[in-house]
Amino acid sequence: MDRFSNLKDKFKKPQNPFKDIKTPKKSLIISIPVLAFVLFFTMLPPINAHSHQFWLFFFIIAIYTTMILGPIFKVFKKLAIGLAVLAVIIGLLTASSLEFFNAKRYAAILQKQDGNFENDIKEIPYSDIPTVDRETAIRLGSRKMGELLELVSQFNIDESYTQINYKGKPIRVTPLEYNGLLKWFTNQSKGIPNYLVVDMINGDAKLETPSDNIRYSKSDLLFRDIRRHIRFKHPTKIFNEINFEIDEDGTPYWIASTYKNRISWFGAMDVNGAVLCNALTGESKYYPLAEIPTWVDRVFSAQEIIQQLNWDGKYQSGYINSRFAQKGVLQATKGYNYLAINDDVYLYTGITSVAADESNVGFVLVNLRDKSTTFYRVSSAEEFSAMASAEGEVQEKSYKSTFPILLNIKGKPTYFLSLKDNAGLIKMYAFVDAQKYQDVSIGNTVEAAYKVHLGDKFVVTTDEEIDPKDIKEKSGTITDIHSVVIDGNTHYYFILDGDETIYMTNVKLSERLPFMNIGDEISFKYKEAGENAAEVLGIER
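Note that the structure is a prediction, hence the values are computed from the model and not measured.

## Section: the layout of surface pockets
There is about 1200 Å³ of room inside the largest pocket. Across the lining of the largest pocket, the residue classes break down as 19 nonpolar, 13 polar and 10 charged.

Have a look at this one:
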């Protein structure tokens, strides 16, 4: 019997370790998974050991767990020592990823090739030059929303305004978002009905209606929040920015770039692919970098590209040189813009010496879908010098310049920029020779500025088709001049010495008109507009 009693004792049901735990302690234990879920739901960390965010999440839960379970099972000291050792290991791995120890590896993260500016950058017609920057797009979008009272009371406009290429045209696209908690509660079952498209060439703003409402967005508060939705679908992926784009059929997507460390355990996080999520249905798919569909334009963020360009410029000769001797150390200029080339969007920025003088040693174009980078060794004025030069041409107006885009004008690198008044409205346009930034061509329209840049003394601006035989030239001294506002536009009427004809023109024809006085000399082209009347078509610059 003793023998069978021993066997019975051996195989009896094991003791419940929580049997003697009092109810309050049981509640504390249950709070551990509750806290883990709440933190995961709000922080959305990747379950990936190469992410600092994951380790922050882990240590919060681990420390809380140690405080609860350690005293109960009398292992507090052991758990605390284990966490301390793990923290030291994470610290060492972080230190091993620093630029100080890996300078030349950081310099090699971005690979660039030399290019030929005239061959690579095709000249575009002046009518296709994008004039709408993000600030102007926001203004145009707000105006469009203000026209639609039934929408503006329920939704706001997300101010991301992603620049993409859509059917060969540069546009900015952005979704609507719920206008606060109450509007989310009343509208979330239906979703968001529209997204906004702004044409960057002519400034047209349109609210587009997709085939179904947008149900996954950044403004949702629960599981249809796009960041939360993608995290639960892809728990191990490391994400940063999530961009809104549309495919060639106008279907809205969220593009979430994924990251992988390139150096040591945590260093040089770089894009290795992207998750594309249909904003209507929530369907998502991961693509490695080389397989991302070509309609996607924004996989790499501008800030990450600028950082990698600076690594490339600083660390070619090591970390110590970048801090002290600084021989051959370069950096990206403190601004950038985007260019639409073929079916892709490229980041443009100048490359200057670390001394930050007023000239660039060249500039780069970086494809924001695949990070292919081309360096153009073109000595030019630094962008802010060109901006100041353009502002100086109209200093009496106190206009402020936008950051320029770089164009190929007759084989020469040329900055194009807009000039805005204090209200942020575009008033004039300028072309600045990138190599001789004192050469500035200003106009009230892109066409006028372009023609002045090409050396046209008379810029004819009219919507009519005029027979060249009817265009005449005239020069003389102004004996009388007056301005009149008609339909919101300023028109000028003047008479010349010894000539009874009244000449009429619009202020858009020349920036000189508001400053012309009696006694000034003027040369212009005109067409007759009746007895003793003529319409001025172009004024000599």
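Let us keep going from here.
## So, the sheet that holds strand E23 (residues 472-486)
Spatial strand order, E23-E24-E25-E27-E26: five strands in a closed barrel with mixed pairing. Here the average twist between neighbouring strands, direction ignored, is 50°. Note: strand E25 (residues 502-506) against strand E27 (residues 533-539), three bridges, orientation parallel. By the bridge assignment for E27, Ile502 is matched with Ala533.

## Notes on helix H10 (residues 226-233)
When H10 is considered as a whole, its buried residues turn out to be Ile226, Arg228, His229, Ile230 and Arg231. The backbone nitrogen of Arg227 lies 2.9 Å from a side-chain oxygen of the residue at the head of H10, namely Asp225.

## Quick word on the nonpolar core
Core analysis: the biggest nonpolar cluster contains 38 residues, and Leu176, Val198, Ile230 and Ile246 have the highest contact counts within it. Leave out the neighbours within four places in its chain, and Leu176 touches Met145, Leu151, Phe155, Asn156, Ile157, Asp158, Ile192, Asn194, Tyr195 and Leu207. Core analysis: the second largest hydrophobic core is formed by 36 residues, Leu365, Val378, Val394 and Tyr450 among them.

## Observations concerning the sheet that holds strand E8 (residues 252-263)
Spatially, E7-E8-E9-E10 is the arrangement adopted by the four strands of the open sheet, whose pairing is antiparallel. Here the strands that pair on one side only, and so sit at the sheet edges, are strand E7 (238-246) and strand E10 (284-288). Within this sheet the neighbouring strands show an average axis-to-axis angle of 30°, counted without direction. Where E8 and strand E9 (residues 267-278) come together, 10 bridges link them in antiparallel fashion. By the bridge assignment, Asn261 is partnered in E9 with Met269. Sheet strands in contact with helix H11 (residues 302-314) are E7, E8 and E9, and its direction is about 155° off that of E9.

## Observations concerning the packing of helix H3 (residues 52-73) against helix H4 (residues 76-96)
Running from N to C, H3 and H4 point in directions that differ by 165°, and their axes come no closer than 9 Å. The angle between H3 and H4 falls in the class roughly antiparallel. Here H3 runs over H4; the crossing is left-handed. Of the residues in H4, those in contact with His52, Trp55, Phe58, Phe59, Ala62, Ile63, Thr66, Met67, Gly70 and Pro71 of H3 are Phe76, Leu79, Ala80, Leu83, Leu86, Ala87, Ile90 and Thr94. Here the residues of the contact of H3 with H4 are counted per class, giving 14 nonpolar, four polar and no charged.

## Examining the side chain of His234
Note that His234 resides in the loop between H10 and E7. For His234, the side chain forms a polar contact with the side chain of Ser284, separated by 3.1 Å. In this structure, His234 is in contact with Phe239, Val275, Ser284 and Tyr286, ignoring residues within four places of it in sequence.

## Some thoughts on the pattern of salt bridges
Applying the stated criterion across every chain, the model contains 18 salt bridges. Lys420 is the partner of Glu135 in a salt bridge, and the nearest nitrogen-oxygen pair spans 3.3 Å. Of the two residues, Glu135 sits in helix H7 (residues 134-146) while Lys420 sits in strand E20 (residues 412-420), which places them 285 residues apart along the sequence. We classify Glu135 as partly exposed; its relative accessible area is 44%. We classify Lys420 as buried; its relative accessible area is 5%. Of the charged contacts in the structure, one is a salt bridge between Lys474 and Asp499, with a shortest N-O distance of 3.5 Å. Here Asp499 lies in the loop between strand E24 (489-496) and E25 and Lys474 lies in strand E23, a separation of 25 residues in the sequence. Among the residues examined, Lys474 registers a relative accessible area of 29% and is labelled partly exposed. A relative accessible area of 14% places Asp499 in the buried class. The network of salt bridges with common partners includes Asp133, Glu135 and Lys420.

## Topic: unusual backbone geometry
In this structure, Asn342 takes a positive phi of about 55° despite not being glycine. Within the fold, Asn342 resides in the loop between strand E12 (337-341) and strand E13 (344-353). In this structure Asn342 comes out as exposed when scored by relative accessible area, which is 71%. The backbone of Lys371 shows a phi angle near 70°, a positive value even though the residue is not glycine. Following the sequence through the fold, Lys371 ends up in the loop between strand E15 (362-367) and strand E16 (373-376).

## Here we look at the pairing of E10
In this structure, E9 lies alongside E10, joined through five bridges in antiparallel fashion. Residue pairing for E10: Leu276 is matched across the bridge by Lys285. Hairpin connection, E9 to E10: the antiparallel pair is bridged by five residues, and Gly282 has positive phi, about 85°.

## What to know about H11
Along its 13 residues, H11 runs 18 Å from first to last C-alpha, staying within 8% of the 18 Å computed at 1.5 Å per residue. Within H11, burial applies to Ala302, Glu304, Ile305, Ile306, Gln308, Leu309, Trp311, Asp312 and Gly313.

## A few points about a nonpolar patch on the surface
Together, Ile30, Val34, Phe37, Val38, Leu181, Leu221, Leu222, Phe223 and Phe232 make up an exposed nonpolar region whose accessible area comes to about 850 Å². Looking at which element gives the most residues to the nonpolar patch, the answer is helix H2 (residues 23-43), with four residues. Here Phe37 is to be found in helix H2. By relative accessible area, Phe37 is classed as partly exposed at 46%.

## Some details on the environment of Asp133
In this structure, Asp133 sits in the loop between helix H6 (117-120) and H7. Remark: the alpha-carbon pair of Asp133 and Gln163, spanning 30 residues in sequence, is separated by 9.3 Å.

## Topic: the packing of aromatic side chains
One pass over the full model with this rule turns up 33 aromatic pairs. When the ring of Phe54 is compared with that of Trp55, the centres are 5.1 Å apart and the planes differ by 70°; the resulting orientation is edge-to-face. Both residues of the pair, Phe54 and Trp55, belong to the buried class. Three or more aromatic residues link up through ring pairs in this structure, and these residues are Phe37, Phe40, Phe41, Phe57, Phe223 and Phe232. Stacked on the ring of Tyr286, the Lys or Arg Lys237 has its end atom at 3.8 Å from the ring centre. Against the face of Tyr338 rests Arg298, its NZ or CZ located 4.4 Å from the ring centre.

About the cut-offs
The numbering scheme is per chain: residues are counted from 1 as the chain's sequence reads. Side-chain atom pairs in this predicted model are given and counted only at pLDDT of 80 or more, local residue features only at pLDDT of at least 70, and totals for whole chains, interfaces and linings cover all residues. To get the side-chain values, all heavy atoms of the structure are used, and hydrogens and water are removed first. The rule is simple: put a 1 Å grid over the protein atoms alone, call a set of points where a 1.4 Å probe fits but cannot get out a cavity, call an open set with protein on both sides within 12 Å along at least five of seven lines a pocket, and count a residue as lining if it has an atom within 4 Å of a point. Grid points are joined across faces, edges and corners, and a volume is the space filled by probe spheres set on the points. In this count, Pro and Cys sit with the nonpolar residues alongside Ala, Val, Leu, Ile, Met, Phe, Trp and Tyr, while Asp, Glu, Lys and Arg are called charged and the others, Gly among them, polar. Any two strands with at least two DSSP bridges between them are considered paired. Helix and strand definitions here come from DSSP, where helices need a minimum of 4 consecutive H or I residues and strands a minimum of 2 consecutive E residues; each element is numbered from the N-terminal end. For every element, the axis is a line fit to its C-alpha atoms; helices are fit only across the contacting stretch, and the angle between N-to-C directions ranges from 0 to 180 degrees. Categorising residues by exposure relies on relative accessible area from a 1.4 Å probe, with only protein chains included: less than 20% of the type maximum marks a residue as buried, more than 50% marks it as exposed, and the intermediate range marks it as partly exposed. A 3.5 Å cut-off defines polar contacts: any pair of N or O atoms within that distance qualifies, except that in protein one atom must be a possible hydrogen donor and the other a possible acceptor, and neighbouring residues in sequence count only when both atoms are side-chain atoms. Residues belong to one nonpolar core when they are buried, are Ala, Val, Leu, Ile, Met, Phe, Trp, Tyr or Cys, and are joined through side-chain atoms within 4.5 Å. Whether two residues are in contact is decided by their heavy atoms: any pair within 4.5 Å suffices. In these notes the angle categories are as follows: under 35 degrees is roughly parallel, over 145 is roughly antiparallel, 65 to 115 is roughly perpendicular, and the rest is oblique. Left-handed describes a crossing in which the near helix is turned anticlockwise from the far one by less than a right angle; the clockwise case is right-handed. Salt bridges are defined as contacts in which a side-chain nitrogen from Lys or Arg sits within 4 Å of a carboxyl oxygen from Asp or Glu. Each residue after the first adds 1.5 Å to the expected span of a helix. A patch consists of residues whose relative accessible area exceeds 30% and which take part in no salt bridge; residues with like charges are grouped when within 9 Å of each other, and nonpolar side chains (Val, Leu, Ile, Met, Phe, Trp, Tyr) when within 5 Å. Reported accessibility uses the Shrake-Rupley method at a 1.4 Å probe radius. Residues are deemed covered only where the shown protein chains occlude them. Here a Phe, Tyr or Trp ring, Trp counted by its six-membered ring, pairs with any other such ring whose centre lies within 6.5 Å, and the pair is stacked when the planes are under 30 degrees apart, edge-to-face when over 60, and tilted otherwise. Placement of a positive charge over a ring is assigned whenever Lys NZ or Arg CZ falls within 6 Å of the ring centre and within 35 degrees of the normal to the ring plane.

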